[in-house]
Amino acid sequence: TKCESGCVCADGLYENLDGRCVPAEECPCEYGGLAYGRGEQIQTECEICTCTKGKWKCVQKTRCSSTCNLYGEGHITTFDGQRFVFDGNCEYILAMDGCSVSRPISSFKIVTENVICGKSGVTCSRSISIYLGNLTIILRDETFAISGENPGVRYKVKKNALHLMFDIIIPGKYNMTLIWNKHMNFFIKISRETQETICGLCGNYNGNMKDDFETRSKYVASNELEFVNSWKENPLCGDVYFVVDPCSKNPYRKAWAEKTCSIINSHVFSACHNKVNRMPYYEACVRDSCGCDIGGDCQCMCDAIAVYAMACLEKGICIDWRTPEFCPVYCEYYN
């Protein structure tokens, strides 16, 4: 529409990120603020994308997995992406199969036990129990214990400075990866080979977010608290009637919480901002940082930020956000 002084590429050539003119075949692709060359690939849970002529060409994977997150003081993201918060001092079923009335046989069940961790009444996930027939794995006090056996299940345990990871295969049914940060964050990643129904606080994994609040009685609850109460492992536990707002109860902590959690909104995570919506993670971080008021407040804050960093990693974006002064990771004793 108007003349501009300067250089332009000749016909058939295009300017790349270095300012050089290249043919279309050599055009890079952009993702998360990074440039990828011709033929380079990125992977998500369900797709493999290849850079071709400056555009991503994506192919669906034959087997697609989905992840349910339980983190901080009762934040859950279901397999289908529904988010909610609950505070309940009880054992709750996170995920299990064998939910249908006609075939109520379960091959796995994952239960979380919540305990009070702040004076305002907020709870933290402290203990996880994984039941695989006669095989039981208990995660508690930064370690794990295995009892019983099930020859029909294969499992492998991996450790690093931050996480305990369990790869579990139930042949012909599920491949599961369970990741626990030894504190409050727990991730269930499932790839299934059948259309077996899954149920629990992690939802029904049918691809529809709107019916995730399906209760144990097989109806969709009108709110998350009714849904949560239906999945108590012990019916004698008290029901949850309201969700605590820790920042209202501890207003003196709110400014500190907002300041420390603001790293999620800062340039440090800028490469991820247009790939993963940061606001739910920021709000969860502020809430948890207000709530951990009897010790472990920095741990709560760091755990909440780590969940956003992990969501970025799922999209292929690795953020180097920890420093020796901010949420450091200490080397193992002999490392």
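Residues numbered from 1 in each chain as written. Predicted model: local features only at pLDDT ≥ 70, side-chain atom pairs only at ≥ 80, totals over all residues. Heavy atoms only, no water.

For the protein, an unreviewed UniProt entry supplies the name MUC6 protein and the organism Rhadina sibilatrix.

**Focus: the overall build of the protein**
Formally: Each helix is a run of DSSP H or I of at least 4 residues and each strand a run of E of at least 2, with the numbering of both proceeding from the N terminus. Only protein chains enter the accessibility calculation, which uses a 1.4 Å probe; a residue whose area is less than 20% of its type maximum is buried, one above 50% is exposed, and one in between is partly exposed. In this description, accessible areas are obtained by the Shrake-Rupley approach with a 1.4 Å probe, and a residue is regarded as covered only by the protein chains that are shown. Under the convention used here, Asp and Glu are negative, Lys and Arg are positive, and both His and the chain ends fall outside the count. The location of each charge is read from NZ of Lys, CZ of Arg, CG of Asp or CD of Glu.
Helices and strands together make up the secondary structure of the protein, namely six helices and 20 strands. Taken along its principal axes, the extent of the C-alpha atoms in the protein is 75 × 55 × 50 Å. The buried share among the 335 residues of the protein stands at 45%. Surface summary for the protein: the accessible area is close to 17,600 Å², and the carbon and sulfur share equals 52%. Averaging the positions of the 35 positive and the 40 negative side-chain charges in the protein gives two centres separated by 2 Å.

**Focus: helix α5 (residues 279-291)**
Our working definition: Helices are assigned an expected span. That span is 1.5 Å times one less than the residue count.
Helix length check: α5, at 13 residues, gives a terminal C-alpha distance of 18 Å against a target of 18 Å (1.5 Å per residue), a fit within 8%. α5 sits mainly inside the fold: 10 of its 13 residues count as buried. The set of residues buried in α5 consists of Tyr-281, Tyr-282, Ala-284, Cys-285, Val-286, Arg-287, Asp-288, Ser-289, Cys-290 and Gly-291.

**A look at the layout of surface pockets**
Heads up, the rule is: Site definitions follow a grid-based scheme: protein atoms alone, a 1 Å grid, a 1.4 Å probe that fits but cannot get out for cavities, and for pockets an open set with protein on both sides within 12 Å along at least five of seven lines, plus lining residues having an atom within 4 Å of a point. Grid points are joined across faces, edges and corners, and a volume is the space filled by probe spheres set on the points. Reported domain spans reflect what an automatic or database domain assignment gives.
Approximately 940 Å³ is the volume attributed to the largest pocket. Around the largest pocket sit 31 residues that line it, and Leu-162, His-163, Ala-306, Arg-322 and Val-329 are the ones nearest its centre. At the level of secondary structure, the elements contributing two or more residues to the lining of the largest pocket comprise β19 (186-192) and α6 (297-314). The greatest single-element share of the lining of the largest pocket, amounting to nine residues, is contributed by α6. Residues lining the lining of the largest pocket come from more than one domain, with at least three contributed by each of domain 2 (65-230) and domain 3 (246-315).

**Some points on the side chain of Asn-16**
Note the cut-off: Any two residues whose heavy atoms approach within 4.5 Å are treated as being in contact.
Looking at where Asn-16 falls in the secondary structure, it is placed in the loop between β1 (13-15) and β2 (21-23). In contact with Asn-16, other than residues within four places in its own chain, are Val-22 and Pro-28.

**Quick look at the domain arrangement of the protein**
Definition in use: Note: buried area is the sum, over both parts, of the accessible area (probe 1.4 Å) each one loses when the two are combined. Basic side-chain nitrogens of Lys or Arg form a salt bridge, by our definition, when they fall within 4 Å of a carboxyl oxygen of Asp or Glu. For this analysis, a polar contact is any N or O atom pair within 3.5 Å, provided that within protein one partner can donate a hydrogen and the other can accept it, and provided that sequence-adjacent residues contribute only side-chain to side-chain pairs. Gly falls in the polar group here, along with every residue not listed as nonpolar (Ala, Val, Leu, Ile, Met, Phe, Trp, Tyr, Cys, Pro) or charged (Asp, Glu, Lys, Arg).
Split into domains, the protein comes out as domain 1 (13-60), domain 2 (65-230) and domain 3 (246-315). The C-alpha-based centres of domain 2 and domain 3 are spaced at 23 Å. With 19 residues of domain 2 at the interface, the matching set in domain 3 holds 18 residues. Across the domain 2 to domain 3 interface the summed buried area is about 1,700 Å²; carbon plus sulfur atoms make up 57%. As a salt-bridge pair, Glu-73 and Arg-287 come within 4.0 Å of each other at their nearest N and O atoms. Counting across the interface, domain 2 meets domain 3 through six residue pairs in polar contact (both at pLDDT 80 or more). When contributions to the side of domain 2 that touches domain 3 are tallied by element, the ones reaching two or more residues are β10 (83-85) and β19. Across the side of domain 2 that touches domain 3, the residue classes tally to seven nonpolar, seven polar and five charged.

**Digging into the sheet that holds strand β5 (residues 41-43)**
For the record, the criterion: We call two strands paired when DSSP finds no fewer than two bridges between them. For helices, the fitted axis covers only the stretch in contact; all axes are lines through C-alpha atoms, and the angles between them, taken along N-to-C directions, range from 0 to 180 degrees.
Overall, antiparallel pairing links the three strands, which are arranged β5-β6-β7 in an open sheet. The open sheet is flanked by β5 and β7 (55-60), the only strands paired with a single partner. Averaged over all adjacent pairs, the angle separating strand axes in this sheet is 25 degrees, with direction ignored. With three bridges joining them, β5 and strand β6 (residues 47-52) adopt antiparallel strand pairing. The partner of Ile-42 across the bridge, within β6, is Cys-49.

**Observations regarding the packing of aromatic side chains**
Aromatic rings considered in pairs are described by the distance between their centres and by the relative angle of their planes. Defined as follows: Between rings of Phe, Tyr and Trp, where Trp is taken as its six-membered ring, a pair exists when centres lie within 6.5 Å; planes separated by under 30 degrees are stacked, by over 60 edge-to-face, and by other angles tilted. For a ring to carry a charge above it, either NZ of a lysine or CZ of an arginine must fall within 6 Å of the ring centroid while also lying within 35 degrees of the normal to the ring plane.
Under the counting rule described, the total for this entry stands at 14 aromatic pairs. On the numbers, 5.2 Å between centres and 70 degrees between planes, the contact of Phe-86 with Tyr-92 is edge-to-face. With respect to burial, Phe-86 and Tyr-92 carry one shared label: buried. Sitting over the face of the ring of Tyr-205, Arg-192 holds its NZ or CZ atom 4.0 Å from the ring centroid.

**Quick notes on helix α3 (residues 254-261)**
Let me state the cut-off plainly: An arc is given here, and it is the one of the directions from the helix axis to the C-beta atoms.
Restricting attention to buried positions, one finds in α3 the residues Ala-257, Thr-260 and Cys-261. Looking straight down α3, one finds that the buried residues subtend no more than 95 degrees of arc, so they occupy a single side. Looking at α3, the residues exposed on the side facing more than 90 degrees away from the buried face are Ala-255 and Lys-259.

**Some words on the pairing of strand β14 (residues 135-140)**
One ladder, built from five bridges, connects β14 with strand β15 (residues 143-147); its direction is antiparallel. If you follow Ile-138 over to β15, its bridge partner there is Ala-145. Here β14 folds back onto β15 in antiparallel fashion, the turn holding two residues, of which Asp-141 has a positive phi close to 55 degrees.

**Thoughts on the environment of Asp-18**
Locating Asp-18 in the fold gives a position in the loop between β1 and β2. With relative accessibility at 63%, the residue Asp-18 sits in the exposed group. Remark: the alpha-carbon pair of Asp-18 and Gln-41, spanning 23 residues in sequence, is separated by 20 Å.

**Quick look at the state of the cysteines**
Defined simply, a disulfide is a covalent bond joining two cysteines at their sulfur atoms. Under the convention used in this document: The disulfide definition used here is simple: a pair of cysteine sulfur atoms within 2.5 Å.
Applying the stated rule across the entire model yields 10 disulfides. In this model Cys-9 forms its disulfide with Cys-21; the gap between the sulfur atoms is 2.1 Å. An S-S torsion of about -85 degrees defines the bridge between Cys-9 and Cys-21 as left-handed. Of this pair, Cys-9 sits in the segment before β1 while Cys-21 sits in strand β2, and the two are 12 residues apart along the sequence. The residue that forms a disulfide with Cys-49 is Cys-58, at a sulfur-sulfur distance of 2.1 Å. One disulfide, between Cys-49 and Cys-58, carries an S-S torsion of 110 degrees and so falls in the right-handed class. Take Cys-7: it sits in no disulfide, and the sulfur closest to it among the cysteines is that of Cys-21, at 8.4 Å.

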